[in-house]
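What the coordinates show
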Amino acid sequence: MKNKIKSVKGTYDLLPSEIYKWQEVENKLRSIFSLYNFLEIRTPIFEKSKLFSRSVGEFTDIVNKEMYSFLDKGKESLTLRPELTASVVRSYIEHNFQQISSIHKIWYYGPLFRQEKPQAGRYRQFYQFGSEIFGSAYPESDVELIDLAYTIYTKLGLKNWTLYINTLGKKENRNKYIEILKESLFPYKDKMCANCKNRFDKNILRLFDCKNSNCKKIMNEYAPLIIDHLSNDEKDYFEEVKSLLDQLNINYEIDPTMVRGLDYYTNMIFEIRSENLGSQDALCGGGRYNNLVEDLGGKFTPAVGFAAGMERLMIAMEKENLFKNESEELDIYIAIMNKNVRNKAMQIVKEIRNNGHSVDMDLQRRSVKAMMREANKKRAKYSIVIGENELQSGEVNIKTMESGKAKTVKIDKINDFLSV
RNA sequence: GUGGUUGUAGCUCAGUUGGCAGAGCGCUUGGUUGUGGUCCAAGUGGUCGUGGGUUCAAGUCCCAUCAUCCACCCCA
């Protein structure tokens with residue numbers, strides 16, 4: 001253990017023996033996104049730092065203390081992306097998406113970086129997938145997005161989770177509500193925990209998140225809920241979202257105290273929480289962000305989006321035993337006897353591969369017994385031993401590993417045999 | 001950043017009042033010439049996280065440090 005270099009804190013290797021699980025999930029995600037006609041976007045891993053302070057919010061924890069920022073040679077501050085919506089919106093504006101089409105449905109998948117203390121379901125490099133709809137201010141788009149997230153977890157076979165929704169109202173109205181909230185809570189400010197006191201002025205909505213029992217009690221008793229302070233328009237909007245969800249048989253619960261850690265959300269927000277994760281139980285979260293495109297310098301464009309954590313999903317699926325306990329199968333394993341047949345044998349291997357079958361062969365010059373053990377370990381469907389006898393007769397025995405039975409086939413007919 | 005947990009073989013873990021570093025699994029080889037899974041046998045594998053200290057003697061006791069996991073926090 002002395003001089004070994006280890007991976008950076010909060011990062012991990014996805015090993016060859018485990019990767020099939022990720023690939024299985026990734027493939028399903030791709031196919032579901034395409035069912036909903038979302039197209040993929042890939043943006044750079046790093047961006048200018050100000051992109052995130054302007055979108056995510058200067059006073060959020062993400063920007064305040066968790067970003068991996070550095071100066072490049074031109075002394076410009078760059079940051080490893082801590083989330084992806086900002087990058088997607090940047091790209092949307094930069095490439096004038098709104099001129100190409102008035103609506104865009106986009107999905108993404110990739111690694112993000114936040115310098116947090118690692119914990120169950122929380123890493124410093126972690127993967128998220130997510131999607132955004134640009135160009136619709138109607139509840140249909142909120143519901144299509146929620147339906148997409150809902151369908152993903154359903155189709156992956158996950159059982160123990162719940163969808164929560166809430167609404168934050170429009171920005172102007174929310175500011176009015178924040179004033180009311182401040183007024184009603186002010187008499188109790190001194191009785192709250194230090195954290196809440198601090199947030200009272202900076203981001204008072206987060207007081208709903210406090211787990212301190214005393215603060216909770218105060219909030220329960222004296223804090224007005226935003227849902228009771230919506231304008232008629234906002235109420236109607238939220239009602240429409242709910243009735244569309246009902247129409248699609250999407251089960252949800254309303255959590256009137258749910259808020260979001262990123263500043264850009266407006267109106268409808270939602271979260272899906274798993275019941276068999278630890279304290280990091282949010283599988284995905286998102287909502288409407290009608291002002292972000294404009295705030296980042298684009299034309300006003302209403303949008304909704306969500307982001308979902310991959311590691312948490314994998315942990316939850318693992319806990320529900322949703323992965324088969326086996327990696328990929330191999331069509332055929334070829335045991336090569338000695339150097340006299342090596343050239344010809346490798347040529348045969350290449351021909352079978354060219355014909356579209358997966359083939360592995362011995363690379364270690366071991367005994368036939370060892371090669372057969374290898375064939376078994378690699379879960380080959382068939383095995384062939386190639387030695388001088390075979391080359392002389394021009395025939396090989398193709399053994400079906402499961403039954404142990406072998407069939408004699410001419411060497412130039414191997415591909416025909418496999419193709420049946 | 002604040003608390004707590006755990007660090008012994010590739011993996012999962014034993015290791016008594018301080019007295020020769022262990023098991024199972026895995027991996028390698030063999031069980032008659034060139035055929036796997038089960039079985040049998042042998043073999044491989046560890047500076048006991050790292051650095052100090054106490055002791056005749058430390059995996060075991062003490063101190064420090066690093067890593068890890070969990071919770072707070074935050075969030076996906």
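Residues numbered from 1 in each chain as written. Chains lettered and ligands numbered in written order. Predicted model: local features only at pLDDT ≥ 70, side-chain atom pairs only at ≥ 80, totals over all residues. Heavy atoms only, no water.

1. Topic: the overall build of chain A
What counts, and what does not: Per the convention used, a helix needs a DSSP run of H or I reaching at least four residues, while a strand needs a run of E reaching at least two, with both numbered from the N terminus. Computation of the radius of gyration draws on C-alpha atoms, with the globule rule given as 2.2 Å multiplied by the number of residues to the power 0.38. Between buried and exposed lies partly exposed: a residue is buried under 20% and exposed over 50% of the maximum accessible area for its type, with that area taken using a 1.4 Å probe on protein chains only. A contact between two residues is defined here by any heavy atoms of the two lying within 4.5 Å. Reported accessibility uses the Shrake-Rupley method at a 1.4 Å probe radius. Residues are deemed covered only where the shown protein chains occlude them. Neither His nor the chain termini are counted; the positive set is Lys and Arg, and the negative set is Asp and Glu. Charge positions come from single atoms, namely NZ of Lys, CZ of Arg, CG of Asp or CD of Glu.
Secondary structure summary: chain A contains 16 helices and 16 strands in total. A globule of 420 residues ought to have a C-alpha radius of gyration of about 22 Å, yet chain A, at 28 Å, is considerably larger. Across the 420 residues of chain A, 49% fall into the buried class. By sequence separation, contacts in chain A at least 24 residues apart represent 68% of the contacts at least 6 residues apart. With the model as given, the accessible surface of chain A reaches about 22,800 Å², and the carbon-plus-sulfur share is 47%. With 64 positive and 58 negative side-chain charges, chain A shows a spacing of 8 Å between the two charge centroids.

2. Concerning the environment of Gly 305
Turning to its location among the elements, Gly 305 is positioned in strand S11 (residues 303-309). For Gly 305, a relative accessible area of 3% corresponds to the buried category. Expressed as a C-alpha distance, the spacing of Gly 305 and Gln 99, which sit 206 residues apart in the sequence, is 20 Å. Those residues in contact with Gly 305 that sit more than four places away from it in its chain are Ser 131, Glu 132, Leu 145, Phe 270, Gly 286, Gly 287 and Tyr 289.

3. Let's talk about a negative patch on the surface
We count it as follows: Any residue with relative accessible area above 30% and no salt bridge may belong to a patch, with like charges joined within 9 Å and the nonpolar Val, Leu, Ile, Met, Phe, Trp and Tyr side chains within 5 Å. Any Lys or Arg side-chain nitrogen located within 4 Å of an Asp or Glu carboxyl oxygen qualifies as a salt bridge.
A grouping of Glu 140, Asp 233, Asp 236 and Glu 240 is seen on the molecular surface, where their side chains present a negatively charged patch. Among the elements that line the negative patch, the one with the most residues is helix H10 (residues 232-247), at three residues. Within the element layout of this structure, Glu 240 appears in helix H10. Glu 240 sits in the partly exposed class, given a relative accessible area of 42%.

4. Re a nonpolar patch on the surface
Side chains of Ile 45, Phe 46 and Phe 70 sit close together on the surface and give an oily, nonpolar patch of about 250 Å² of accessible area. Structurally, the position occupied by Ile 45 is in the loop between strand S1 (39-40) and strand S2 (46-48).

5. With respect to the domain arrangement of chain A
Where we set the bar: All domain edges in this entry derive from an automatic or database-based domain assignment.
The domain boundaries assigned to chain A delineate domain 1 (16-170 + 231-319) and domain 2 (330-419). Each of domain 1 and domain 2 was reduced to a C-alpha centroid, and the two centroids are 49 Å apart.

6. Observations regarding the packing of helix H1 (residues 19-35) against helix H6 (residues 139-155)
Rule in force here: Lines fitted to the C-alpha atoms define the axes, with helices restricted to the stretch that makes contact. Angles between their N-to-C directions range from 0 to 180 degrees. A crossing counts as left-handed when the near helix is turned anticlockwise from the far one by less than a right angle, and as right-handed when that turn is clockwise.
Two elements in contact, H1 and H6, have axes whose closest approach is 10 Å; the angle formed by their N-to-C orientations is 140 degrees. As for how H1 packs across H6, the hand of that crossing is right-handed. Residues Leu 29, Ile 32, Phe 33 and Leu 35 of H1 form the contact with H6, whose own contacting residues are Leu 148, Thr 151, Ile 152 and Lys 155.

7. So, the sheet that holds strand S16 (residues 406-410)
To keep things clear, this is the line we draw: Between any two strands, at least two bridges found by DSSP are needed for them to pair.
If you trace the five strands from one edge of the open sheet to the other, you get S13-S12-S14-S15-S16, paired in mixed fashion. Each edge of the open sheet carries a strand with a single partner, namely strand S13 (359-361) and S16. Strand-to-strand twist across the sheet, computed as the mean angle between neighbouring axes with direction ignored, equals 25 degrees. Two strands pair when backbone bridges link them, and strand S12 (residues 330-336) and strand S14 (residues 380-386) are joined in this way by six bridges, in the parallel orientation. Counted as the bridge partner of Ile 334 is Ile 384 from S14. This element, helix H13 (residues 339-354), spans S12, S13 and S14 of the sheet and lies at about 170 degrees to S12.

8. A closer look at the pattern of salt bridges
Two side chains that carry opposite charge are able to pair once their charged atoms sit near each other. One pass over the structure, following the stated rule, counts 19 salt bridges. A salt bridge links Glu 76 to Lys 48; the shortest N-O distance between them is 3.8 Å. With a gap of 28 residues between them, Glu 76 in the loop between strand S3 (68-71) and strand S4 (77-80) and Lys 48 in strand S2 connect regions that are remote in the sequence. Taking the relative accessible area as the measure of exposure, Lys 48 reaches 43% and is therefore partly exposed. The salt bridge involving Glu 144 is made with Lys 105; its shortest N-O contact spans 2.9 Å. With a gap of 39 residues between them, Glu 144 in helix H6 and Lys 105 in strand S5 (residues 104-113) connect regions that are remote in the sequence. One connected set of salt bridges, linked through shared partners, spans Asp 360, Arg 366, Glu 374, Lys 377 and Lys 378.

9. Looking at the environment of Val 241
Tracing the backbone through its elements, the reader meets Val 241 in helix H10. Classification of Val 241 by relative accessible area gives buried; the value is 0%. Other than its neighbours up to four places away in sequence, Val 241 contacts Pro 139, Asp 142, Val 143 and Met 268.

10. Looking at the nonpolar core
We count it as follows: To define a nonpolar core, start from buried Ala, Val, Leu, Ile, Met, Phe, Trp, Tyr and Cys residues and group those joined through side-chain atoms within 4.5 Å.
The biggest cluster of nonpolar side chains holds 52 residues, and the ones touching the most others in it are Val 89, Phe 134, Leu 181, Leu 185, Met 192 and Leu 207. Among the elements that line this core, the one with the most residues is helix H4 (residues 85-94), at five residues. Every residue in contact with Leu 185, bar those within four places of it in the chain, is listed here: Met 192, Phe 200, Ile 204, Leu 207, Ile 218, Met 219, Tyr 222 and Ala 223. Core analysis: the next-biggest nonpolar cluster, separate from the first, contains 45 residues, Leu 145, Leu 156, Ile 165 and Leu 283 among them.

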